[in-house]
Amino acid sequence: EQKEKEFNKRRFKLALKNLILKLCIIAIACILFFFVIFGAWVVSYVDMYPSIRRGDVVLYYRFSPEYNVGDVVIFEIEGRKHISRVTAIANSTVVISNNGGVEINGFDYGSNEFYETYIDVEKENKEFEVGNNQFFVLGDNRLEGFDSRNFGVLNKDDIIGKVITVIRKSDI
């Protein structure tokens, strides 16, 4: 009976060690999954209003191999995270006209469904050349957004990730 108790005790310790090992592996996998591969950010600006509101949580993928027109990206400029929509990719010319329109390579972007797109209060035409590994981004909130009109083209290295889903503040 004593041997059986010791055997059960050793079996229990082994099972406990295996459980702790599995929990550690799961914890490391979760950390890698949520902090290395994916990310979450509580939006603190109105750059993408009304599509994405202040207080919404966006989940993003950090290792996207490419970004296309229409993708919503998180990027860092001057130490602050921002969110905008890719409107032009490499080898493009973007013109923001004095009437609030956006042209990409001579074609009307047609994205002013929310706000007209002015470059500044003087409303003068402005032209941007998008080079390799660069993007032109615009927030949906053209009146208050911080985007390529403020800092020029966005380098790929400044992009933190591509938004994959939005969790509304009201749903939390």
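Our subject is the structure that appears above.
Residues numbered from 1 in each chain as written. Predicted model: local features only at pLDDT ≥ 70, side-chain atom pairs only at ≥ 80, totals over all residues. Heavy atoms only, no water.

Draft legend 1. Geometry of the nonpolar core. Counting residues in hydrophobic clusters, the biggest one holds 12 residues: Trp41, Val43, Tyr45, Met48, Ile52, Val58, Tyr60, Val72, Ile74, Ile83, Ile160 and Val163. Among the secondary structure elements, those contributing two or more residues to this core are strand S2 (57-61), strand S3 (72-77) and strand S11 (159-167). Trp41 has contacts with Asp56, Val57, Val58, Tyr60, Ile74, Lys81, His82 and Ile83, leaving out every residue within four places of it along the chain. (Core = buried A, V, L, I, M, F, W, Y, C linked by side-chain atoms within 4.5 Å. Buried < 20%, exposed > 50% of the residue type's maximum accessible area, 1.4 Å probe, protein only. Helix = DSSP H or I, 4+ residues; strand = E, 2+ residues; numbered from the N terminus. Contact = heavy atoms within 4.5 Å.)

Draft legend 2. Highlighting the sheet that holds strand S7 (residues 107-108). Ordered by their spatial adjacency, four strands build an open sheet running S7-S6-S5-S8, and the pairing between neighbours is antiparallel. Whereas interior strands pair on both sides, the edge strands pair on one side only; in this sheet they are S7 and strand S8 (126-130). Examined bridge by bridge, strand S5 (residues 92-96) and strand S6 (residues 102-104) share three bridges and lie antiparallel to one another. Within the sheet, the bridge partner assigned to Val95 lies in S6 and is Glu103. (Pairing = 2+ DSSP bridges.)

Draft legend 3. How the structure looks around the pairing of strand S4 (residues 80-88). Sheet topology places S3 next to S4; six bridges connect them, and they run antiparallel. Following the sheet pairing, Ile74 is matched in S4 by Ile83. Counted between consecutive antiparallel strands, the loop separating S3 from S4 contains two residues, among which Glu78 sits at a positive phi close to 55 degrees. In this sheet, strand S9 (residues 134-138) lies alongside S4 in antiparallel orientation, the contact comprising three bridges. Looking across to S9, one finds that Arg85 is bridged to Leu138.

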